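Architecture and fold: a report
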Amino acid sequence: MSSALTGLFPYPIVQAPMAGGVSVPQLAAAVCEAGGLGFLAAGYKTADGMYQEIKQVRGLTSRPFGVNLFMPQPETADPSAVGVYAEQLAGEAAWYETELGDPDCGRDDGYDTKLAVLLDDPVPVVSFHFGVPSREAVDSLHRVGTFVLVTATTPEEARAVERAGADAVIAQGVEAGGHQGTHRDQPETDAAGIGVLSLVAQVREAVSLPVVAAGGIMRGGQIAAVLAAGASAAQLGTAFLATPESGAHALHKQALTNPLFVRTELTRAFSGRPARGLVNRFLREHGPYAPAAYPEVHHLTAPLRKAAAKAGDAQGVALWAGQGHRMARELPAGELVEVLVAELASAQAALTRYVTGGTER
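1. Some words on the overall build of the protein chain
- Counting its secondary structure elements, the protein chain contains 15 helices and eleven strands.
- Taking 21 Å as the expected radius of gyration for a compact globule of 361 residues, we find that the protein chain reaches 20 Å, a close match to that expectation.
- Structurally, the protein chain occupies a C-alpha span of about 65 × 45 × 40 Å along its principal axes.
- Residues counted as buried form 56% of the 361 residues belonging to the protein chain.
- Look at the contacts in the protein chain between residues 6 or more apart in sequence, and 69% of them connect residues 24 or more apart.

2. Considerations on the packing of helix α3 (residues 47-60) against helix α6 (residues 111-120)
- With their axes 9 Å apart at the nearest point, α3 and α6 run at an angle of 30 degrees to one another. Here α3 lies roughly parallel to α6, going by the angle between them. In this structure, α3 crosses over α6, and the sense of that crossing is right-handed. Residues Ala-47, Met-50, Tyr-51 and Ile-54 of α3 form the contact with α6, whose participating residues are Thr-113, Lys-114, Val-117 and Leu-118.

3. With respect to the environment of Gly-237
- Residue placement: Gly-237 occurs in the loop between β9 (233-236) and α11 (238-241).
- Distance from Gly-237 to Gly-216, taken between C-alpha atoms, is 8.2 Å for residues 21 residues apart in sequence.
- Gly-237 has contacts with Ala-16 and Met-18, leaving out every residue within four places of it along the chain.

4. A closer look at helix α15 (residues 333-355)
- Taking 1.5 Å per residue as the helical rise, α15 with its 23 residues ought to reach 33 Å, and the 33 Å between its terminal C-alpha atoms agrees with that figure.
- Summarising the contacts, the buried residues of α15 are in contact with β1 (13-15), α2 (25-33), α10 (220-228), β9 and α11.
- Just beyond α15, the residue with positive phi is Gly-357, at close to 85 degrees.

5. Overview of the side chain of Ser-271
- Among the structural elements, Ser-271 can be located in the loop between β10 (264-267) and β11 (275-278).
- In terms of polar contacts, Ser-271 uses its side chain to reach the side chain of His-179, at 2.7 Å.
- Ignoring any residue separated from it by four or fewer positions in sequence, one finds Ser-271 in contact with His-179, Ala-293, Tyr-294, Pro-295, Val-297 and His-298.

6. Regarding the sheet that holds β9
- With respect to topology, eight strands assemble into an open sheet ordered β1-β9-β8-β6-β5-β4-β3-β2, the strand pairing being parallel. At either margin of the open sheet sits one strand with a lone partner, and together these are β1 and β2 (39-41). Taking the axes of each pair of neighbouring strands and ignoring which way they run, one obtains an average angle of 25 degrees across the sheet.
- Of the strand pairs in this sheet, strand β3 (residues 66-70) and strand β4 (residues 125-129) are connected by five bridges, and their pairing is parallel. When the bridges of β4 are listed, Val-67 appears paired with Val-126.

7. Structural notes on the environment of Arg-58
- Relative to the assigned elements, Arg-58 resides in helix α3.
- Owing to a relative accessible area of 33%, Arg-58 belongs among the partly exposed residues under this scheme.
- Arg-58 sits 65 residues away from Val-123 along the chain, and the two C-alpha atoms are 9.8 Å apart.
- Arg-58 has contacts with Phe-65, Asp-121, Pro-122 and Val-123, leaving out every residue within four places of it along the chain.

8. Quick look at the sheet that holds β11
- Spatial strand order, β7-β11-β10: three strands in an open sheet with antiparallel pairing. At either end of the open sheet lies a strand with only one pairing partner, and these are β7 (178-179) and β10.
- Two strands pair when backbone bridges link them, and β10 and β11 are joined in this way by four bridges, in the antiparallel orientation. Along β11, the bridge assignment pairs Glu-265 with Gly-277.

About the thresholds
Residues numbered from 1 in each chain as written. Predicted model: local features only at pLDDT ≥ 70, side-chain atom pairs only at ≥ 80, totals over all residues. Heavy atoms only, no water. Helix = DSSP H or I, 4+ residues; strand = E, 2+ residues; numbered from the N terminus. Rg over C-alpha atoms; globule rule 2.2 N^0.38 Å. Buried < 20%, exposed > 50% of the residue type's maximum accessible area, 1.4 Å probe, protein only. Contact = heavy atoms within 4.5 Å. Axes fitted to C-alpha atoms, helices over the stretch in contact; angles between N-to-C directions. Parallel < 35°, antiparallel > 145°, perpendicular 65-115°, else oblique. Left-handed = near helix turned anticlockwise from the far one by under 90°. Expected span 1.5 Å × (residues − 1). Polar contact = N/O pair within 3.5 Å; in protein donor to acceptor, adjacent residues only side chain to side chain. Pairing = 2+ DSSP bridges.

Shown next as structure tokens:
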């Protein structure tokens, strides 16, 4: 990665921007203070809500941080399929004594307004999910001194990121928790995800951009592995979910290591787009029938998820988590960064001894 960008954070650890209230200012600031790159998630927030959180981070740390934006989504959903899914969810609405949400209440996530705010009052780093920003948008951010990162899930998507002029690509493996950052929502590719180590290697051969590896990374040894594979840094999300600074609901934090939730799956049940979460009742019952309709399904299920959380029912909420969720540690975010750095150093030292022919292997 360019020295200008890596110079922003001493350690190759990026805290993933987790939308829905998880990546709060306290978490981002704590990671920054410990030497990583903390991120705010602007997804599902208003432009003013994003700006207020930026001000909070600036009040908590003087170190560089990032903000993540969702790209506007094309109108590709079949309204009739969304209507059928709404009928299937009628029982859930009755059970939680709430109404279903309006599937047509917005699809651009306030993108233009948020981008305007970030151009008017720049932050050090901006990343993009669910697509590639225009070359004009990237150039505008560069002119105000902002570094631009964009998620890619395939080598082809990484090439599109490079053509847009971004500074680095976030190579998101299929192991990652939450939404896959695919540039186009194509149901026929739902089972075709690439693992992070393979993806990093393929992206490195496809583009000349620096790579940030993401997907199921929970330990310093895994960070060492992706660095050895060619990444310049690692992005961790689920690893920071259980920290006290995380804004995740208590049900979500507890579920990460709860023996009731033994595995994860990619599902469209909660949002209409592929996202990895812990398998619970809602995912099992509705995942097989959920249409490819984002953000319509997200809006539709929002009241259900809110009501389930209020009722303390982990079986009805979206428990986003990566494949390494059982390895989550309930450490303060800054302490977790320190532990990861120590584990990384130990793994790299062991690799050096092996390569140089040392006796300790």
